[in-house]
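Descriptive structure summary
Below are the chains, spelled out letter by letter.
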Amino acid sequence: MDDLPGMQATNLQNLPENYLMKFWIYHAATWPQISFVAEDQKGRIVGYVLAKIDDESADKGEVHGHVNSISVLRSYRRLGLAKKLMLLSQEAMADVYKASFVSLHVRKSNKAAIGLYRDSLGFEVVSVEQKYYGDGEDALNMRLTMKRQS
Ligand code: ACO
């Protein structure tokens, strides 16, 4: 819970999609194992991933994780932090919730994030959601199938 203001501040600096504190609290309280932060040497938050488990699909017996938001402060980029945050979250989704896949939405123009998801982590584009964002930009709906654990 102590990390939430730092996560929200990082989100406000990095992305136009921002959320009320109650949204951050809801995620941390409901699925505490699957969101992570990156800190500098002084303990200040420089990156985060905020994730949830999809309740609808859980009801149908197919659990999947969803990454709501990830960002890293500009001066800490290209150090592998986002990749590490994503891998920690994916691992926890599989271990704790037995998630079979991870989904997310990303702006069609967001080359850095698409590079991270597709080239670095192996996500695939499932569909394009027209005018998904408030300013009318399309979203790529991306998905990564989890490897089955034996
Ligand atoms: N251009 C192309 N590929 C990139 C870029 C870039 N600018 N940045 C990262 N990648 C890819 C590369 O494959 C990279 O591997 P490499 O460095 O070995 O080539 C790989 O992603 C891993 O990079 P990281 O260093 O882990 O990524 P970083 O910590 O810099 O964070 C992020 C990437 C989160 C997209 C960052 O640029 C950021 O905060 N952007 C603004 C916020 C944002 O767009 N968030 C995602 C929105 S979608 C959503 O939240 C679901």
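These lines cover the structure that appears in this document, whether it is placed above or below. The residue numbering used here restarts from 1 in each chain and proceeds along that chain's sequence as written. With pLDDT at 70 or above as the cut-off, local features in this predicted model cover only qualifying residues; side-chain atom pairs require 80 or more to be listed or tallied, and sums for whole chains, interfaces and linings still use all residues. Note that the side-chain values use all heavy atoms of the structure and ignore hydrogens as well as water.

Concerning the environment of R107
Counted only if it meets this: Helix and strand assignments follow DSSP, with helices taken as H or I runs no shorter than four residues and strands as E runs no shorter than two, numbered in order from the N terminus. Here's how the labels work: a residue is buried when its accessible area is under 20% of the maximum for its type, exposed when over 50%, partly exposed in between, all with a 1.4 Å probe on protein chains only. N or O atoms closer than or at 3.5 Å make up a polar contact, with two conditions inside protein: a donor-capable atom paired with an acceptor-capable one, and, for residues adjacent in sequence, both atoms drawn from side chains.
Along the polypeptide, R107 turns up in strand 4 (residues 101-107). Owing to a relative accessible area of 13%, R107 belongs among the buried residues under this scheme. Taking the C-alpha atoms as reference points, R107 and L140, separated by 33 residues in sequence, lie 6.3 Å from one another. One polar contact links R107 to D135, side chain to side chain, over a distance of 2.9 Å.

Description of the pattern of salt bridges
Definition in use: The salt bridge definition used is simple: a Lys or Arg side-chain nitrogen within 4 Å of an Asp or Glu carboxyl oxygen.
Scanning all chains against the criterion turns up six salt bridges. With a closest N to O distance of 2.9 Å, E137 and R107 form a salt bridge. One end of the pair, E137, is in the loop between strand 5 (124-129) and strand 6 (139-145); the other, R107, is in strand 4, and 30 residues separate them in sequence. A salt bridge links R118 to D119, with the nearest nitrogen and oxygen atoms 2.9 Å apart. Judged by relative accessible area, R118 falls into the partly exposed class, the value being 45%. Here the residues in one salt-bridge network are E17, R107, D135 and E137, joined through shared partners.

Regarding the environment of V37
Operational definition: Two residues form a contact once any of their heavy atoms are found within 4.5 Å.
Assignment of secondary structure puts V37 in strand 1 (residues 36-39). When residues no more than four places from it in sequence are discounted, the contact partners of V37 are D3, M7, I45, G47, Y48 and L85.

Topic: helix 1 (residues 4-14)
Operational definition: Taken from the helix axis, the directions to the C-beta atoms give the arc we talk about.
Listed in full, the buried residues belonging to helix 1 are L4, M7, Q8, T10, N11 and N14. Buried residues in helix 1, looked at end-on, bunch into an arc of 160°, giving them a common side. Turned more than 90 degrees away from the buried face of helix 1, the exposed residues are L12 and Q13. Each element contacted by the buried residues of helix 1 is listed here: helix 2 (21-30), strand 1, strand 2 (45-53) and strand 3 (64-72).

Focus: the nonpolar core
Where a protein is soluble and globular, its nonpolar side chains tend to be buried together. Short version of the rule: Residues enter a nonpolar core if they are buried and are Ala, Val, Leu, Ile, Met, Phe, Trp, Tyr or Cys, with the set joined through side-chain atoms within 4.5 Å.
M86, M93, L104, V106, Y117 and F123 are the most contacted members of the largest nonpolar core, which totals 32 residues. Per-element accounting of this core gives the leading share, six residues, to helix 4 (residues 81-97). Not counting residues within four places of it along the chain, the set of residues in contact with F123 comprises M86, Q90, V102, L104, Y117, R118, M142, R143 and L144. Counting residues in each nonpolar core, the second largest holds six residues, with L4, M7, Y48 and L50 among its members.

Regarding the pairing of strand 6
What counts is decided by this rule: The criterion for strand pairing is that DSSP finds at least two bridges linking the strands in question.
Within strand 6, five of the seven residues are buried, which leaves it mostly tucked inside the rest of the structure. Pairing between strand 4 and strand 6: seven bridges, direction antiparallel. By the bridge assignment for strand 6, V102 is matched with L144. Strand direction decides the pairing type here: strand 5 and strand 6, joined by five bridges, are antiparallel. Across the sheet, residue E124 finds its bridge partner in strand 6, namely R143.

Describing the sheet that holds strand 6
Rules: Axis angles are defined between N-to-C directions and span 0 to 180 degrees, where every axis is a line fitted to C-alpha atoms and, for a helix, only to the segment in contact.
Taken in spatial order, the six strands of this open sheet run 1-2-3-4-6-5, and their pairing is mixed. The sheet is open, and its two edges are formed by strand 1 and strand 5, each paired on a single side. Averaged over all neighbouring strand pairs, the angle between strand axes comes to 25°, with direction disregarded. Two elements, strand 1 and strand 2, share four bridges in a ladder whose sense is antiparallel. Within the sheet, the bridge partner assigned to V37 lies in strand 2 and is Y48.

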